[in-house]
Amino acid sequence: MKRLVLSLLVLLGIAGPAQAQVSDIAEPAISVERLWLQPGVGGFVGGQDAQTLEPGSWSYSVLASLMKRPIVLTDLRSGEVVSAPIGRRLGYELAVARGISPRLQLGLALPMAFQDGERLRGIGLSEEFLAPAVLSDLRVHAKLRLQPDAAAALGYGVAMHLGLPTGNERHFAGERGAVLGWMLVAGYRGQSFRVAGNLGLRLRTKEVVLLSPASPHGNELVGTLAGEYILPSWGRPLGLLAEMAQVYGDDSGPSPGELRAGLLAHLRSAQIKAILGIGTTPSQVGSPKWRLALVYHSRRF
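Residues numbered from 1 in each chain as written. Predicted model: local features only at pLDDT ≥ 70, side-chain atom pairs only at ≥ 80, totals over all residues. Heavy atoms only, no water.

## Regarding the overall build of the chain
Then step 1. When helices and strands are counted, the chain shows two helices and 13 strands.
Then step 2. The buried share among the 301 residues of the chain stands at 50%.
Then step 3. Summing over all exposed atoms, the chain offers an accessible surface of approximately 13,600 Å²; the carbon and sulfur share of this is 66%. (Helix = DSSP H or I, 4+ residues; strand = E, 2+ residues; numbered from the N terminus. Buried < 20%, exposed > 50% of the residue type's maximum accessible area, 1.4 Å probe, protein only. Areas by Shrake-Rupley, 256 points an atom, 1.4 Å probe, with all protein chains shown as cover.)

In structure tokens, the structure reads:
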């Protein structure tokens, strides 16, 4: 969906949709969260390079993210917001990873959230209240480094994840079916900077519906660019982080984007990241008005 419009809701109401359509609309079956932890070495937030954990080593990460209005319904003629299904969402995510071989790592991520908002109340679709606490879809991750030399400045590989429909899709916290994602990952490490680029696909096993059953949402092209510049410091290294994330949905699907910037503190065996995010496509599902995020990442050998 390129715009979520009030006029569409009015037309659906006038047409008198069938009971199956009403049921689909009342159960939106789509997740509004687009910032996911990438289990493993760490360094960035939503982006990742090709580095993998050493065999037998572990890492874990914890994300806390507060975002405003990740989904809004707007009037097509005036552009004014007529409903905010989610006003604010405080999300938490725990991710763990283990190095399996010199080039392969596996990971697991479990998200949840606390939220407030109107859901679909007041617009003639559903008077059900928004659930204040929700679990989101469990994800299983894998990354394979294709670059033979782990110490090389330029690395490349492939990353995959499987999203399982364990979340509360009726309240914008999950998908209706499993989602398979894969992407090409590449990164370059210099003395005082790092950059990474990711490009891939998210393939839904079941199309999802937000408003109109005639316009289901299917597969997506996803991409992220990320970079860090290490600042001169008296103590442990401090870095400036920047990320640009963009999703391109199919003909009827949302295409949210987000810019993120912040600080990264490198500790002895851990990292702390503080991030500010701004949605670049505010009319798209999953593009928040703003986001504040904190990440703690630790490695154990």
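## Some remarks on the pattern of salt bridges
Then step 1. On inspection of all chains with the given rule, the structure shows 16 salt bridges.
Then step 2. One salt bridge in this structure joins R34 and E220, with 2.8 Å as the shortest N-O distance. Linking R34 in the loop between helix 2 (19-26) and strand 1 (58-74) with E220 in strand 9 (residues 220-231), this pair joins segments that are 186 residues apart in sequence.
Then step 3. Since its relative accessible area comes to 2%, E220 is described here as buried.
Then step 4. One connected set of salt bridges, linked through shared partners, spans E33, E243, E258, R260 and R291. (Salt bridge = Lys/Arg side-chain N within 4 Å of Asp/Glu carboxyl O.)

## Some words on the environment of L241
Then step 1. For L241, the position within the fold is in strand 10 (residues 238-249).
Then step 2. A C-alpha to C-alpha distance of 7.5 Å links L241 and A226, two positions 15 residues apart in sequence.
Then step 3. Setting aside residues up to four positions removed in sequence, L241 forms contacts with G43, F44, V45, G227, E228, R260, A261, G262, L264, K273 and I275. (Contact = heavy atoms within 4.5 Å.)

## Quick notes on the side chain of R202
Then step 1. Looking at the secondary structure, you find R202 in strand 8 (residues 193-204).
Then step 2. Polar side-chain contacts of R202 include one of 2.7 Å to the side chain of E220.
Then step 3. Among residues more than four places away in sequence, those in contact with R202 are R34, W36, H161, E175, V179, L180, G181, N219, E220 and V222. (Polar contact = N/O pair within 3.5 Å; in protein donor to acceptor, adjacent residues only side chain to side chain.)

## Considerations on the layout of surface pockets
Then step 1. By volume, the largest pocket is sized at about 350 Å³.
Then step 2. Considering the residues around the largest pocket, the lining is formed by 20 residues, among which V41, R194, H266, Q271 and R299 are closest to the centre.
Then step 3. Put simply, the parts of the chain that give the lining of the largest pocket at least two residues each are strand 8, strand 9, strand 12 (270-279) and strand 13 (290-300).
Then step 4. Of the residues belonging to the lining of the largest pocket, the class tally is six nonpolar, 10 polar and four charged. (1 Å grid on protein atoms, 1.4 Å probe; cavity = no way out; pocket = protein on both sides within 12 Å on 5 of 7 lines; lining within 4 Å. Points joined across faces, edges and corners; volume = space filled by probe spheres on them. Nonpolar A, V, L, I, M, F, W, Y, C, P; charged D, E, K, R; others polar.)

## With respect to the packing of aromatic side chains
Then step 1. Within the structure shown, the criterion is met by three aromatic pairs.
Then step 2. Positioned over the ring face of F129 is R121, at 3.8 Å from the centre of the ring.
Then step 3. Lying across the ring of F44, R194 places its NZ or CZ 4.3 Å from the centre. (Phe/Tyr/Trp six-rings, centres within 6.5 Å; stacked < 30°, edge-to-face > 60°. Lys NZ or Arg CZ within 6 Å of the ring centre and 35° of its normal.)

## A few points about the confidence of the model for the chain
Then step 1. Mean pLDDT over the chain: 86, with 87% of residues reaching 70 or higher.
Then step 2. Summarising per-element confidence for the chain, the mean pLDDT is lowest in helix 1 (residues 6-15) (32) and highest in strand 5 (residues 138-145) (98).
Then step 3. In this model residues 1-24 is a low-confidence stretch, pLDDT under 50, and it forms 47 contacts with partners more than four residues away in sequence or in other chains. (pLDDT = per-residue confidence, 0-100.)

## Topic: empty space enclosed by the protein
Empty space left among the atoms is revealed by rolling a probe the size of a water molecule over them.
Then step 1. Enumeration according to the criterion identifies five cavities of 30 Å³ or more in this entry.
Then step 2. What the largest cavity holds in volume is close to 450 Å³.
Then step 3. Residue lining of the largest cavity: 33 residues in total, with W36, Q38, G46, M183 and T224 positioned closest to the centre.
Then step 4. Elements with a minimum of two residues in the lining of the largest cavity: strand 3 (104-116), strand 5, strand 6 (154-164), strand 7 (179-189), strand 8, strand 9, strand 10 and strand 11 (257-266).
Then step 5. When grouped by side-chain class, the residues that make up the lining of the largest cavity number 15 nonpolar, 13 polar and five charged.
Then step 6. By volume, the second largest cavity is sized at about 190 Å³.
Then step 7. Taken together, 18 residues make up the lining of the second largest cavity; nearest its centre are S31, W36, D137, R139 and R202.

## Considerations on the pairing of strand 11
Then step 1. Sheet topology places strand 10 next to strand 11; nine bridges connect them, and they run antiparallel. Within strand 11, the residue paired with A242 across the bridge is A261.
Then step 2. Between strand 11 and strand 12, which pair antiparallel one after the other, the connecting turn spans three residues. (Pairing = 2+ DSSP bridges.)

## Notes on the side chain of Q115
Then step 1. Looking at the secondary structure, you find Q115 in strand 3.
Then step 2. The buried category is assigned to Q115, whose relative accessible area is 8%.
Then step 3. Within polar-contact distance, the side chain of Q115 engages the backbone oxygen of A131 at 3.0 Å.
Then step 4. Beyond its immediate chain neighbours, meaning those up to four positions away, Q115 contacts I86, R88, R89, L130, A131, P132, V134 and H171.

## Side note on the environment of W182
Then step 1. Note that W182 resides in strand 7.
Then step 2. The class for W182 is partly exposed, based on a relative accessible area of 33%.
Then step 3. For W182 and H161, which are 21 residues apart along the polypeptide, the C-alpha to C-alpha distance reads 6.4 Å.
Then step 4. Dropping the residues within four chain positions of it, W182 is found in contact with A159, M160, G200 and L201.

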